[in-house]
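Descriptive structure summary
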Amino acid sequence: MSRRPGGELASRPLHFFWICDCSGSMQADGKIQSLNNAIKEALPHMQHAAEENPNAQVLVRAARFSDGAQWHIAPTPVADFRWTDLKAGGLTDMGKAIRMVAEQLRIPPMSDRALPPILVLVSDGQPTDDYTGAVRELLDLPWGKRAVRIAVAIGTDADQDALQVFIANPEIPVLQANNAETLVNYIRWASTAVLKAASAPASRHLGDALASNVPVPAPPSAPPGADVW
C-alpha cells in the first residue's frame, strides 16, 4: 500500500545521538567542560533548526563512555531537551557505547518510517575495548548503515583512524577541534546544518525503494586561533 504524501511526514521521528568520551584524559586542559559548554551553546540553535523543519519529530539523547558506557540523557523531544554536565575519569570504552547505540537502531525500537538518525561521536583518545567489532555490528544494521555518522576529534591525541572507521564514508572527514572555539563551531554545525539535511523531505525512510543517503553539508572551516589541545 502506498503512503500518502501529506500528513504523515510530521510524525516521522528523527533520532539524534551525542556519544561522548568521558575518559580521564578529557579532564586535561578543560576539554570536558569545553564539550559541555559547546553542547549547551548549540542547543538553542538546534531547537530553532528543528522548529523550522515540521517534517521531523526530533528526539535527542546522549551516551557517555569511560569505564564502560551508560545513557547520560534518555530520548527527549528537542524542545524539552536540557544538557546535564558530563564529568571525566576512567578508560575509553568506545566500543561499548557504539554497541549500546546500535541496540537502539534495531527494528524495534526503531521504526522503518523514521528519518535517518544522526550519530555524533566526540573523543580525545584511543579506544580501550573492542571498537572495530562494535562498529561492524552497527554498520550491519540497516539503520546503522543509513545513519549520518559524524566524528569530532578533540586534540591531536585523538585516534583519527578509529573515528574514520566509525564514519565509514571517505567523503565525510573527521572534524579536528584543537581549541574551544573550533569545538563550538563543529558541535553547532552537527546539531543544526546536519539536522536540517537529515530532516528534509527528501530524506526517505527505510521502506522507500529508492532511499538515498543524506547529503551532508560541508563543515565550517576551523577559525584562526591557538591550538590548546
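Below is a summary of the structure that appears in this document.

Procedures and definitions
- Residues numbered from 1 in each chain as written.
- Predicted model: local features only at pLDDT ≥ 70, side-chain atom pairs only at ≥ 80, totals over all residues.
- Heavy atoms only, no water.
- Phe/Tyr/Trp six-rings, centres within 6.5 Å; stacked < 30°, edge-to-face > 60°.
- Buried < 20%, exposed > 50% of the residue type's maximum accessible area, 1.4 Å probe, protein only.
- Helix = DSSP H or I, 4+ residues; strand = E, 2+ residues; numbered from the N terminus.
- Lys NZ or Arg CZ within 6 Å of the ring centre and 35° of its normal.
- Pairing = 2+ DSSP bridges.
- Right-handed = clockwise from strand over helix to strand, strands pointing away.
- Axes fitted to C-alpha atoms, helices over the stretch in contact; angles between N-to-C directions.
- Contact = heavy atoms within 4.5 Å.
- Lys, Arg positive; Asp, Glu negative; His and termini not counted.
- Salt bridge = Lys/Arg side-chain N within 4 Å of Asp/Glu carboxyl O.
- Polar contact = N/O pair within 3.5 Å; in protein donor to acceptor, adjacent residues only side chain to side chain.

In this section: the packing of aromatic side chains. Throughout the structure, instances matching the rule amount to three aromatic pairs. Ring geometry for phenylalanine 16 and tryptophan 18: centres 4.9 Å apart, planes at 65°, overall edge-to-face. The buried category is assigned to tryptophan 18, whose relative accessible area is 1%. Their ring planes at 45° and their centres at 6.2 Å tell us that phenylalanine 17 and tryptophan 71 sit as a pair that is tilted. Remark: tryptophan 71 occurs in strand β3 (residues 68-77) and phenylalanine 17 occurs in strand β1 (residues 12-21); sequence separation between them is 54 residues. Residue phenylalanine 17 is classed as buried on the basis of its relative accessible area of 0%. The ring of tryptophan 71 has arginine 61 lying over it, and the distance from NZ or CZ to the ring centre is 5.8 Å.

Right, let's talk about the pairing of strand β4 (residues 118-123) for a bit. Of all six residues in β4, six are buried; the element is thus mostly enclosed. Burial along β4 is two-sided: Ile118, Val120 and Val122 facing one way and Leu119, Leu121 and Ser123 facing the other are all buried. Pairing analysis gives six bridges linking β4 to strand β5 (residues 148-154), with the strands arranged parallel. The partner of serine 123 across the bridge, within β5, is alanine 153.

Taken across its 10 residues, β1 has 10 buried, putting it largely inside the fold. Here β1 shows no split at all, with Arg12, Leu14, Phe16, Trp18 and Cys20 on one side and Pro13, His15, Phe17, Ile19 and Asp21 on the other all buried. The pairing of β1 with strand β2 (residues 56-66) spans 10 bridges and is classified as parallel. Paired with phenylalanine 17 across the strands is arginine 61, a residue of β2. Tracing the backbone out of β1, into helix α1 (residues 31-51) and back to the parallel element β2 gives a crossover that is right-handed. As paired elements, β1 and β4 share five bridges and run parallel to each other. Counted as the bridge partner of cysteine 20 is valine 122 from β4.

All right, on to the sheet that holds β1 then. An order of β3-β2-β1-β4-β5-β6 is seen for the six strands of this open sheet, with the pairing classed as mixed. Strand pairing shows two members of the sheet lacking a second neighbour, β3 and β6 (175-177), which therefore form its edges. The mean inter-strand angle of the sheet, taken between neighbouring strand axes irrespective of direction, is 15°. Taken together, the three bridges between β5 and β6 define a ladder with parallel strand orientation. Opposite isoleucine 154, over in β6, you have alanine 177 as the bridge partner. Contacts between α1 and the sheet are confined to β1, β2, β4 and β5, with β1 contributing the most and set at about 170° to the helix. Contacts from helix α6 (residues 180-199) reach β1, β2, β4, β5 and β6, with the element oriented near 160° to β1.

Let's shift gears to the side chain of arginine 61. Within the secondary structure, arginine 61 sits in strand β2. The charged side chain of arginine 61 is buried without a salt bridge, its nearest counter-charge being glutamate 103 at 11 Å. Reaching out from arginine 61, the side chain makes a polar contact with the side chain of histidine 15 at a distance of 2.9 Å. Apart from residues lying up to four places away in sequence, arginine 61 is in contact with His15, Phe16, Phe17, Trp18, Trp71, Ile73, Ala74, Pro75, Phe81 and Gln104.

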